[in-house]
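Residue-level structural notes
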Amino acid sequence: MQEYDIVIIGGGPAGLAAAISAKEKGIDNVLIIEREGVLGGILNQCIHNGFGLHTFKEELTGPEYADRYIKKVLEMKIPYKLNTMVIDLNKDKIITAVNQDDGIIEIKAKAVILAMGCRERPRGALNIPGSRCAGIFTAGTAQKFVNIEGYMPGKEVVVLGSGDIGLIMARRMTLEGAKVKAVVELMPYSSGLKRNIVQCLDDFDIPLKLSHTVIDIKGKDRIEGVTIAKVDENRKPIKGTEEYISCDTLLLSVGLIPENELSRKAEIGISRVTSGPIVNESLETGVEGIFACGNVLHVHDLVDNVSMESHMAGENAARYVKGMNFNNKENAIELIATDGVRYTVPKYINPDNVENFIQVRFIVGNVYKSSYISVYFDDNRKFHIKKRILTPGEMEEVRITKAMLEKHPQCKKIIFKVEEE
């Protein structure tokens, strides 16, 4: 059995940042395991710009952003295994993996960092009536065909869902000569970043149909068209609002699911809201010595936030290997998301483990205008931050400082909510 101080599962932006951070904190015996043939993860197919504005203070493409981290991993001589699939992880931090060269390998780690990213929700999760015809792709699959393989999925396109990847692919398909007839969104608001709505739809006159969904798919061998309809406040189609749109391609951008099959095998508690591990202020899961970061933890809007969070996970994993114990549940303060706030990461804060501050990230469940983010330490309101607009497509942050925690030594709950006044 091979032994390492820290093993990082996933060689995308989260895993790379975590590995670099752990090495910078003095842990030399680090291993990255990646199932693809190259490091960099999903960034390799994201050839559009807009990455790195926070991390590097300049605008980069996805491959350029990944390359900066990959070069640092190579400079620091951090070992990695490519084309290697982790098939099991247990709570004793024993990893079982398989690849073509080594066969089945077992690795014992002192600490594990989960950085497996997320996957797209497929058609099967949507229950759309219609035949199983060709021409229906997730937006990420279409992105790989166009940007990596050099294939065009089709010429007349409808996009279902207005997540960022769907918006970006609406623009990408247009630039490659396709006609994007509509982006159809079930909710009364887009789930993508505002800048992507402007740059990917408005700039190309692509219609965005809010409170609409696809109710039927027509086509035998290849998709021929879709029927869309307006939906009511319960998201049920309204009779008489049906509209048929002919197309040869339907792209699905209907949500991302954190890849947590390994987390469940290790008996790690999973949030019903995020579908990611429940973590404390140190990004440690309920299993001591197993940390989580990036899109496996919760789906981020910006890769810069992934890198920042993962840097912290690597740093804390290094501290754990050196003897730090983060999992003191007796003193932990629970963070409660309510009244418009969907979840918080972390879910628990142990004040003893906070050096200067903790960045709490969360998203809201609806669009709110001229509202407030309020944070209560038990019944004492500590924050009341005016926001011109709050939207589910953009992550919010509140900084909880060590000084605040020291002022409220008896605090049991920190409550996050949206208030109108």
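Quick look at the structure, then. The shown structure was predicted, so the numbers you read here are calculated from the model rather than taken from an experiment.

1. Let's talk about the pattern of salt bridges
Overall, the coordinates contain 19 salt bridges when judged by the stated rule. Between Lys347 and Glu334 there is a salt bridge; the shortest N-O distance is 3.4 Å. Placement of the pair is Lys347 in the loop between strand 19 (341-345) and strand 20 (348-349) and Glu334 in strand 18 (residues 333-337), with a sequence separation of 13 residues. Overall, Lys347 belongs to the partly exposed group, its relative accessible area being 25%. The salt bridge partner of Arg361 is Glu397, with a shortest N-O separation of 2.8 Å. One end of the pair, Arg361, is in strand 21 (residues 357-364); the other, Glu397, is in strand 24 (residues 396-401), and 36 residues separate them in sequence. Overlapping salt bridges, with partners in common, bring together Arg35, Arg119, Glu259 and Glu261 in one network.

2. Quick word on the sheet that holds strand 24
The antiparallel open sheet is built from three strands, whose spatial order is 19-21-24. Strands at the two margins of the open sheet, each flanked by one partner only, are strand 19 and strand 24. In this sheet, adjacent strand axes meet at a mean angle of 25° when their direction is disregarded. Each of strand 19, strand 21 and strand 24 is contacted by helix 7 (residues 303-321), which is oriented at about 140° to strand 21, the strand it contacts most.

3. A look at the packing of helix 1 (residues 13-24) against helix 7
Closest axis-to-axis distance for the helix 1/helix 7 pair is 7 Å, and the angle between their directions is 40°. Taken as axis vectors, helix 1 and helix 7 run oblique relative to one another. As helix 1 packs across helix 7, the resulting crossing turns out to be right-handed. Residue-level inspection shows Pro13, Ala14, Ala17, Ala18, Ser21, Ala22 and Glu24 of helix 1 in contact with helix 7, the latter providing Val303, Val306, Ser307, Ser310, His311, Gly314, Glu315 and Ala318.

Rules behind the numbers
- Residues numbered from 1 in each chain as written.
- Predicted model: local features only at pLDDT ≥ 70, side-chain atom pairs only at ≥ 80, totals over all residues.
- Heavy atoms only, no water.
- Salt bridge = Lys/Arg side-chain N within 4 Å of Asp/Glu carboxyl O.
- Helix = DSSP H or I, 4+ residues; strand = E, 2+ residues; numbered from the N terminus.
- Buried < 20%, exposed > 50% of the residue type's maximum accessible area, 1.4 Å probe, protein only.
- Pairing = 2+ DSSP bridges.
- Axes fitted to C-alpha atoms, helices over the stretch in contact; angles between N-to-C directions.
- Contact = heavy atoms within 4.5 Å.
- Parallel < 35°, antiparallel > 145°, perpendicular 65-115°, else oblique.
- Left-handed = near helix turned anticlockwise from the far one by under 90°.

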